[in-house]
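Now for the letters of each chain:
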Amino acid sequence: MKFETQVVHAGDRKRVSGAPAPSTTPIHLATTYLYESTARLDRVFGHEEEGPTYSRYSNPTNDALEELVTSLERGHGSLATASGMAALQIAFQTALLDRPHRVLSANAIYGSTIKMAEQVFGPFGVDFSYVDICDLKAVERAVAEKKPGCVFMESVSNPLLRVGRIDEIARLAREAGAALVVDSTFATPMLMRPITLGANLVVHSATKYLAGHGDVLGGVVVSDQEHYEALRNLARVAGPVLGPFESYLTMRGIKTLAVRFERQCANAKRLAEWLAAHPRVERVYYCSDANHPDACAIRRLFSPELFGAILSFEIKGANKETVLAFMDRLRMIVPGTSLGDVHTLLLYPTIASHRDLSPKMRERMGIRDSLVRVAAGIEAVEDIQADLDQALRGA
Ligand SMILES: Cc1ncc(COP(=O)(O)O)c(C=O)c1O
């Protein structure tokens, strides 16, 4: 089945004990499940038979969402979690369960993931070290030196949109006995499927493209066969699971992922090309750029004709004050701290995603005070363009 068909059908229309199947999965709010005999409940508890017992272990609405995302990512199984951060936390714990408590991470990652490393894992003795994940030689050296139990990267980095060679990095990790965890929130399974490239665990903030409408906080971990049982076992006791209402909304959102993301990518590409010629714009970062430093990886790893729905650009001569004034002039575009929604969002890394880094650190990462990030929505591109234009020109 093609992706566009899978998003609409996978996970739905399950028949339960001969009852008619609903055409879409309902919201199962019950926390506890009963069977016709306690002997059967005992078999379900003992994993001899499939079925829900208690919502922290499994829930029919969550099961449907998990089956859907597993099929989109070509994984073995998934876990729906209460947020993208909860998904990341349990993915790291799963990866490190039987491995040295050392993570080699890409240095260009979401700010809260860096904080998680420091504040959640650091105090429990997990060591995080950082490398330029797009420099394969540096990754090879760091793997040999640090001997990590886990390698971590984002499939597309934030906000400068660098793309590491996941397949090569997966090979290096595998040869060193480390698990590869990939946060693929920016890419969605429509742009790239890291498990098919050798990743072991794939994480999504479902809050973003999967749910897609700015009304759900959620996450998903997709696992290969090797790590799935450990992931589920940890989740049973740690309990980071998604609520069934959010599960339902996420599944409903995913049904339109293909049409939304295709339009968002097309809008982003048009905006990137238009901004590159704008007199108030210094530089544009977008994955279709022929001079992109990772153009080879992008050609090889991305789905044909899609370059992602996020772009960043630097405003000529701008500083924090002028960027804030530019954002205040936006009339339609939402200056919000997220991405992946149907409406276009504009984020200023200096005050949001990369706020906690020192100005020197930001400068070293190439994140200047003149840089803003746009997550293209599904609106008419002319309207997004007109709003950016009037705000850029100071109208
Ligand atoms: C790449 C990435 N990963 C993870 C997260 C965390 O997701 P959530 O906010 O759903 O916990 C975010 C949130 O912005 C993100 O951008």
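Preceding this section is the structure that the text describes.
Being a predicted model, the structure only gives us computed values, none of them experimental. (Residues numbered from 1 in each chain as written. Predicted model: local features only at pLDDT ≥ 70, side-chain atom pairs only at ≥ 80, totals over all residues. Heavy atoms only, no water.)

Caption draft 1: Here's a closer look at the overall build of the chain. A tally of regular secondary structure across the chain gives 15 helices and eleven strands. In terms of its C-alpha atoms, the chain occupies a principal-axis envelope of roughly 75 × 50 × 35 Å. Counting the 395 residues in the chain, one finds 53% classified as buried. Across the chain, every contact between residues at least 6 apart in sequence was considered, and the portion connecting residues at least 24 apart equals 74%. By element, 52% of the accessible surface of the chain is carried by carbon and sulfur atoms, the whole surface being about 17400 Å². (Helix = DSSP H or I, 4+ residues; strand = E, 2+ residues; numbered from the N terminus. Buried < 20%, exposed > 50% of the residue type's maximum accessible area, 1.4 Å probe, protein only. Contact = heavy atoms within 4.5 Å. Areas by Shrake-Rupley, 256 points an atom, 1.4 Å probe, with all protein chains shown as cover.)

Caption draft 2: Structural view of the side chain of Thr344. For Thr344, the location among the structural elements is in the loop between helix H13 (320–329) and strand E10 (345–347). When residues no more than four places from it in sequence are discounted, the contact partners of Thr344 are Ile333, Val334, Val374, Ala375, Ala376, Gly377, Glu379 and Ile384.

Caption draft 3: Representation of a nonpolar patch on the surface in the model. A contiguous nonpolar surface patch, about 300 Å² in accessible area, is contributed by Ile27, Leu29 and Phe245. Structurally, the position occupied by Ile27 is in the loop between helix H1 (3–9) and helix H2 (38–45). Under the relative-accessibility criterion, Ile27 is labelled partly exposed at 32%. (Patch = residues over 30% accessible without salt bridge, like charges linked within 9 Å, V, L, I, M, F, W, Y side chains within 5 Å. Salt bridge = Lys/Arg side-chain N within 4 Å of Asp/Glu carboxyl O.)

Caption draft 4: A look at the nonpolar core. In this structure, Phe92, Ile133 and Leu180 are the most contacted members of the largest nonpolar core, which totals 88 residues. Of the residues forming this core, the biggest block, seven residues, is contributed by helix H4 (residues 84–96). Here this core spans two domains, since at least three of its residues come from each of domain 1 (3–254) and domain 2 (257–392). Excluding its chain neighbours within four sequence positions, the residues that come into contact with Leu180 are Val151, Met153, Ile166, Ile169, Ala170, Ala173, Ala199, Asn200 and Leu201. By size, the runner-up hydrophobic cluster in this structure holds 26 residues, among which are Val281, Ala318, Val372 and Ile384. (Core = buried A, V, L, I, M, F, W, Y, C linked by side-chain atoms within 4.5 Å. Domains from an automatic or database assignment.)

Caption draft 5: Region of the structure containing the environment of Val323. Take Val323: it is sitting in helix H13. Residue classification places Val323 among the buried residues on the basis of a relative accessible area of 0%. Val323 sits 19 residues away from Val342 along the chain, and the two C-alpha atoms are 24 Å apart. The residues touching Val323, leaving out its near neighbours within four places in the chain, are Ile315, Ala318, Tyr348, Asp369, Ser370 and Val372.

Caption draft 6: Seen up close, the sheet that holds strand E4 (residues 150–154). Pairing in this open sheet of seven strands is mixed, and the strands run E1-E7-E6-E5-E4-E2-E3 from one edge to the other. Either end of the sheet is taken by a strand with one partner, and the two such strands are strand E1 (77–81) and strand E3 (127–131). Here the strands of the sheet are splayed against their neighbours by 20° on average, with no regard to which way each runs. The pairing of strand E2 (residues 102–106) with E3 spans five bridges and is classified as parallel. Counterpart to Ala106 in the pairing with E3 is Val131. (Pairing = 2+ DSSP bridges. Axes fitted to C-alpha atoms, helices over the stretch in contact; angles between N-to-C directions.)

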